[in-house]
Amino acid sequence: MTRRAWLWSTGVLGALALLVCIAVFWLVASQSGARWILARVAPMLPQPLDIATVDGTLLDGLQLGSVTWRDQQTDASAERIAIRADLWPLVQRRINVTQLDVTGVNVSVRPGPGEDDKPAEPFSLDLPIDLIISGATLRNARVSIGETAVDITSVELGGRLQGSEVSVRRLD
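Residues numbered from 1 in each chain as written. Predicted model: local features only at pLDDT ≥ 70, side-chain atom pairs only at ≥ 80, totals over all residues. Heavy atoms only, no water.

Caption draft 1: Structural context of the overall build of the protein. From N to C terminus, the protein includes 2 helices and 7 strands. Projected onto the principal axes, the alpha-carbon positions of the protein cover approximately 80 × 30 × 30 Å. Put simply, of all contacts in the protein between residues at least 6 apart along the chain, 48% involve residues at least 24 apart. Summing over all exposed atoms, the protein offers an accessible surface of approximately 12,400 Å²; the carbon and sulfur share of this is 61%. Here the protein contributes 16 positive and 19 negative side-chain charges, whose respective centroids are spaced 14 Å apart. (Helix = DSSP H or I, 4+ residues; strand = E, 2+ residues; numbered from the N terminus. Contact = heavy atoms within 4.5 Å. Areas by Shrake-Rupley, 256 points an atom, 1.4 Å probe, with all protein chains shown as cover. Lys, Arg positive; Asp, Glu negative; His and termini not counted. Charge placed at Lys NZ, Arg CZ, Asp CG, Glu CD.)

In structure tokens:
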């Protein structure tokens, strides 16, 4: 009887392990899995952020279309964001972005009422994980602050954000 219970338990655990493997593979290797993850993460993202389209997989890379951010002082949009990251470093609390291409960016910042009267609070990007960007490209961007605008044709960069420490490895 003990041997039968042992074999039955082993079979059940093996089937459960197989189901977990299939579920993880579905999440990282299918477009519907990527959309499911994004739907679960969306409530944790800031509300003014809107992503119109999601294509691709976490395994092969995601393409986000018509990404917009709008709040009281800032309007930001990107026509297309393509991102590819290694998934295995997530186990070590690291995100290793191997490729990030952002195209058609438009950022408009409006000065708020009485903004000059307030002391500026320090800006912090202290993340609980390390972010490593091996290669990023920004193309066709326009940044407007009030009446001043800057057009950017192309920028390539790479760097690392570890805690609150930023190091830029490449900026072209």
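More follows now that the structure is in view.
Caption draft 2: Focus on the sheet that holds strand E2 (residues 61–70). On the basis of which strands lie adjacent, the open sheet formed by 7 strands has the order E1-E2-E3-E4-E5-E6-E7 and mixed pairing. Each edge of the sheet is formed by a strand with only one pairing partner; in this case those strands are strand E1 (49–57) and strand E7 (165–171). For this sheet the average axis-to-axis angle between neighbouring strands, irrespective of direction, equals 20°. Examined bridge by bridge, strand E3 (residues 74–86) and strand E4 (residues 94–109) share 12 bridges and lie antiparallel to one another. Opposite Ala 78, over in E4, you have Val 105 as the bridge partner. Its contacts with the sheet place helix H2 (residues 31–41) against E1 and E2, and it is angled at close to 155° to E1. (Pairing = 2+ DSSP bridges. Axes fitted to C-alpha atoms, helices over the stretch in contact; angles between N-to-C directions.)

Caption draft 3: Summary view of the nonpolar core. Leu 64, Ala 78, Ile 81, Leu 100, Val 102 and Val 105 are the most contacted members of the largest nonpolar core, which has 15 residues in total. Of all elements in the fold, only E2, E3, E4 and strand E5 (130–145) reach the threshold of two or more residues within this core. The greatest single-element share of this core, amounting to 5 residues, is contributed by E4. Setting aside chain neighbours within four positions, we find Val 102 in contact with Ala 78, Arg 80, Ile 81, Thr 137, Leu 138 and Arg 139. (Core = buried A, V, L, I, M, F, W, Y, C linked by side-chain atoms within 4.5 Å. Buried < 20%, exposed > 50% of the residue type's maximum accessible area, 1.4 Å probe, protein only.)

Caption draft 4: Summary view of the pattern of salt bridges. Under the definition given, this model contains 4 salt bridges. Its salt-bridge partner being Asp 55, residue Arg 35 comes within 3.5 Å of it at the nearest N-O pair. Residue Arg 35 is located in helix H2, and its partner Asp 55 is located in strand E1; the two are separated by 20 residues in the primary sequence. Its salt-bridge partner being Arg 110, residue Asp 75 comes within 3.1 Å of it at the nearest N-O pair. One end of the pair, Asp 75, is in strand E3; the other, Arg 110, is in the loop between E4 and E5, with 35 residues separating them in the sequence. Taking the relative accessible area as the measure of exposure, Asp 75 reaches 27% and is therefore partly exposed. (Salt bridge = Lys/Arg side-chain N within 4 Å of Asp/Glu carboxyl O.)

Caption draft 5: Summary view of the side chain of Ser 144. Along the chain, Ser 144 falls in strand E5. Other than its neighbours up to four places away in sequence, Ser 144 contacts Val 107, Ser 108, Val 109 and Ala 149.

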